[in-house]
Amino acid sequence: MRVSAAVLNTKVLVLNRSYLPVHITSVRRAFCLLYQGVARAVNEQYHTFDFESWADLSVSVHDEHIGLVDRLVRVPRVILLLAYDRVPRRQVRFSRFNIYSRDRNLCQYCGKTYPRSELNLDHVVPRSQGGLSRWDNVVCSCHACNRRKGGRTPEQAGMRLLHRARRPEWTPFMLETFSPRRYKEWMPFLSTVDASYWNTELLE
Ligand SMILES: [Zn+2]
């Protein structure tokens, strides 16, 4: 049985040399890295394999696999970069996308969920009153709440914020590893990512 090319676009967890998760990539790219010899595939027993030894593993009917030129090869779900020992950047980019993600598409005034197209970014303290465009002063708001608030602070408008705005503790990469769409093969490595590791501010 030959699996469709769609599997090449599914996700693979990337570890650094110390087995810490640093990235998510595609199966396609993971195979490139393996083939180039800059990465090793990692199985559930933490054993590592170069491209040849991985390609030699037998494929059982239950394994995800792809058809290469002359054989079926298991799809790796975790790879390790041999020469990479950095950890991911912790700074979360101040972007519309990340603000919506932090606020989970909830209007921070009425608490309802909206499609992103029906949300604005709202300056809690309006710019006209000296409010800055920063994590702690920008939140998601629906159009109705935005209009009601106008150019006023929440207090002036008699409105309340659901949560005080703050810089999120995660990175988009982390958000993905905590999503329900992660693979069971990732779990042994994600569980090593404890809160103190992620909450430590790292120097570049
Ligand atoms: Zn609202």
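Our subject in this report is the structure included herewith.

Rules behind the numbers
Residues numbered from 1 in each chain as written. Predicted model: local features only at pLDDT ≥ 70, side-chain atom pairs only at ≥ 80, totals over all residues. Heavy atoms only, no water. Pairing = 2+ DSSP bridges. Helix = DSSP H or I, 4+ residues; strand = E, 2+ residues; numbered from the N terminus. Salt bridge = Lys/Arg side-chain N within 4 Å of Asp/Glu carboxyl O. Buried < 20%, exposed > 50% of the residue type's maximum accessible area, 1.4 Å probe, protein only. Phe/Tyr/Trp six-rings, centres within 6.5 Å; stacked < 30°, edge-to-face > 60°.

**Let's talk about the pairing of strand E2 (residues 21–26)**
Point 1. Examined bridge by bridge, strand E1 (residues 11–15) and E2 share five bridges and lie antiparallel to one another. Its bridge partner being in E2, Val14 is matched across the sheet by His23.
Point 2. Between the end of E1 and the start of E2, which pair antiparallel, lie five residues, with Tyr19 showing a positive phi angle near 65 degrees.

**Some words on the pattern of salt bridges**
Point 1. Under the definition given, this model contains six salt bridges.
Point 2. The salt bridge partner of Arg77 is Glu64, with a shortest N-O separation of 3.0 Å. With Arg77 in the loop between strand E6 (72–74) and strand E7 (78–81) and Glu64 in the loop between helix H2 (51–55) and strand E5 (65–67), this residue pair connects regions lying 13 residues apart in the sequence.
Point 3. Its relative accessible area of 35% is what places Glu64 among the partly exposed residues.
Point 4. Measuring nitrogen to oxygen at the nearest pair gives 2.6 Å for the salt bridge that ties Asp136 to Arg134.
Point 5. Arg134 gets classed as partly exposed once you look at its relative accessible area, which sits at 44%.

**Some thoughts on the packing of aromatic side chains**
Point 1. Here the structure, examined in full by the defined rule, presents four aromatic pairs.
Point 2. For the pair Phe94 and Trp135, a centre-to-centre distance of 5.3 Å together with 80 degrees between the ring planes defines the contact as edge-to-face. Of this pair, Phe94 sits in the loop between E7 and helix H3 (96–102) while Trp135 sits in the loop between strand E8 (119–123) and strand E9 (138–142), and the two are 41 residues apart along the sequence.
Point 3. Under the relative-accessibility criterion, Trp135 is labelled buried at 5%.

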